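Working through the structure, step by step
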Amino acid sequence: MHTTHTIPLPGRAPLILGQTPLVMGILNVTPDSFSDGGQHNLLDSALAHARQMILEGADIIDVGGESTRPGSEPVGVQEELDRVMPVIDALVADGIGVPLSIDTYKPLVADQAIQAGATIINDVHGLQGAPQMAEVAALHDVPVIAMHWQKDRDTTRPLFDDMQDYFTHSIALAERAGMGRNRLILDPGFGFGKSLAENYQLLAGFLAACPRQFPILIGTSRKSMIGKLLDNTPDQRLAGTIATTVLGYINGGHIFRVHDVRANRDALRVAQATLYGPPAGLQAPPAERG
Ligand code: 8Y4
């Protein structure tokens, strides 16, 4: 059911992607929710949030300094660095046990974050925003999450054809830079330039929109594809999110980028036991069954 992949990470254990789903916790380091906008509050609460997600069982922490929400302003390189670098430095100084990914489409931010200890690039422009991005990844030998986000798409063309071409281009850029195709994770980019119907077609069959034999990341957490259906606000979307996470797993996804780590992780463990059986250590002998 799930393809298996071992992706090396510099200086730490490789990512093992297959039957066991991985949970990526979302760490937004953006002042949106801070009335005073103080850098200190921002740093402290980001660190507390990261530590909480690790306690809840996050396998990866995704650190982002620019909001991609509709209506939010792009930030400059220096502002983005000022937000994310203190967080990465502090988490690395903590000796956190899980890999950090840097959510950025800016090669300079990716380069600095990796030098500070991040080991994965999460690029919402799928290596197609800046030619240097694949070079930074190749230089440091880190994997890249290449997300599909095709701006002003030709909507007369089937989405899945568009996505196949887009990912084929991302793969070519990775190979040209010498990072190799076994360092790529593909991501359908839920909510990015897609209609409500397309988002659900994608959830039902994203493997058909992706070239074969790549691991897949699913990012649906609290998104408007859930809110439009349920007519609710982001903080009311956990049940809807869990449905998308479990369906995404059953349909072949490997990594799940979520806000609510514990709840999604629990749901994914139940889904994994259903597809592949419970972990061997939990199989009581027949006499003890109850
Ligand atoms: C509430 C909160 C509602 C946040 C919507 C949102 C993806 C991603 C984003 C994704 C990968 C978001 C950075 C959008 N989505 N990266 N980033 N995949 N790889 N919206 O799907 O979370 S930001």
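Report follows, based on the coordinates.

How each quantity is defined
Residues numbered from 1 in each chain as written. Predicted model: local features only at pLDDT ≥ 70, side-chain atom pairs only at ≥ 80, totals over all residues. Heavy atoms only, no water. Pairing = 2+ DSSP bridges. Helix = DSSP H or I, 4+ residues; strand = E, 2+ residues; numbered from the N terminus. Contact = heavy atoms within 4.5 Å. Axes fitted to C-alpha atoms, helices over the stretch in contact; angles between N-to-C directions. Phe/Tyr/Trp six-rings, centres within 6.5 Å; stacked < 30°, edge-to-face > 60°. Buried < 20%, exposed > 50% of the residue type's maximum accessible area, 1.4 Å probe, protein only. Lys NZ or Arg CZ within 6 Å of the ring centre and 35° of its normal. Near = heavy atom within 4 Å. Polar contact = N/O pair within 3.5 Å; in protein donor to acceptor, adjacent residues only side chain to side chain. Areas by Shrake-Rupley, 256 points an atom, 1.4 Å probe, with all protein chains shown as cover. Nonpolar A, V, L, I, M, F, W, Y, C, P; charged D, E, K, R; others polar. Expected span 1.5 Å × (residues − 1). Core = buried A, V, L, I, M, F, W, Y, C linked by side-chain atoms within 4.5 Å. Arc of directions from axis to C-beta.

**Side note on the sheet that holds strand β6 (residues 120–123)**
Strand pairing within a sheet occurs via backbone hydrogen bonds; the two strands may be parallel or antiparallel. In spatial order, the strands read β8-β7-β6-β5-β4-β3-β10-β9; together these eight strands make up an open sheet with parallel pairing. Strand pairing shows two members of the sheet lacking a second neighbour, β8 (184–187) and β9 (217–218), which therefore form its edges. As paired elements, strand β4 (residues 60–64) and strand β5 (residues 100–103) share four bridges and run parallel to each other. Bridge assignment links D62 to a residue of β5, and that residue is S101. Packed onto the sheet, helix α1 (residues 39–55) meets β3 (22–28) and β4 and runs at close to 170° relative to β3.

**Topic: the pairing of strand β2 (residues 12–17)**
Relative to β2, strand β1 (residues 5–9) runs antiparallel, the two sharing four bridges. Opposite H5, over in β2, you have L17 as the bridge partner.

**Let's talk about the packing of aromatic side chains**
Tallying each qualifying case throughout the model produces three aromatic pairs. On the numbers, 5.8 Å between centres and 80° between planes, the contact of Y166 with F167 is edge-to-face. Given a relative accessible area of 4%, Y166 falls into the buried group. Its end group placed over the ring of W149, K151 keeps NZ or CZ at 4.1 Å from the ring centre.

**A closer look at unusual backbone geometry**
The phi dihedral of D141 is positive, around 60°, even though this residue is not glycine. With respect to the helices, strands and loops of the structure, D141 is situated in the loop between α4 (132–140) and β7 (144–147). Given a relative accessible area of 40%, D141 falls into the partly exposed group. A positive phi angle, near 60°, is found at R222, a position not held by glycine. You can see R222 is positioned in the loop between β9 and α7 (224–230). Taking the relative accessible area as the measure of exposure, R222 reaches 28% and is therefore partly exposed.

**Side note on the site of the ligand**
For the ligand, the set of nearby residues contains 15 residues, the closest of which are N122, D187, G219, R222 and K223. Note that an oxygen atom of the ligand is positioned 2.7 Å from one of the side-chain N or O atoms of K223. R257 places a polar side-chain atom, nitrogen or oxygen, 3.4 Å from a nitrogen atom of the ligand. Burial of the ligand by the protein chains amounts to 91% of its free accessible area of 520 Å². Taken together, the residues of the shell around the ligand sort by class into five nonpolar, four polar and six charged.

**Brief notes about helix α8 (residues 238–250)**
The first and last C-alpha atoms of α8 sit 18 Å apart over 13 residues, in line with the 18 Å expected at 1.5 Å per residue. Those residues of α8 that fall on the buried side of the exposure criterion are G240, T241, T244, T245, G248 and Y249. Looking at the buried residues of α8, the elements they touch are α6 (196–205), α7, β10 (255–258) and α9 (261–276). Taken from the residues just after α8, G252 is the one with a positive phi, measuring 115°.

**Quick word on the nonpolar core**
Core analysis: the biggest nonpolar cluster contains 63 residues, and L27, V63, I121, L127 and L184 have the highest contact counts within it. Per-element accounting of this core gives the leading share, seven residues, to helix α5 (residues 159–176). Excluding its chain neighbours within four sequence positions, the residues that come into contact with V63 are L27, V29, V84, V87, I88, L100, S101, I102 and D103. Judged by nonpolar contacts, the second largest core, of twelve residues, contains L15, L17, I185 and L217.

**Observations concerning α4**
If you check which residues of α4 are buried, you get M133, A134, V136, A137 and H140. Along the axis of α4, the buried positions cluster into a sector of 155°, meaning they face one direction only. The secondary structure elements touched by the buried residues of α4 are α3 (107–116), β6, β7 and α5. Of the residues trailing α4, D141 is marked for its positive phi of about 60°.

**Remarks on the side chain of N122**
Considering the arrangement of structural elements, one finds N122 in strand β6. With relative accessibility at 5%, the residue N122 sits in the buried group. Separated by 3.1 Å, the side chains of N122 and D62 make a polar contact. Sequence-distant contacts of N122, defined by excluding residues within four places in its chain, comprise D62, I102, D103, T104, I145 and R257.

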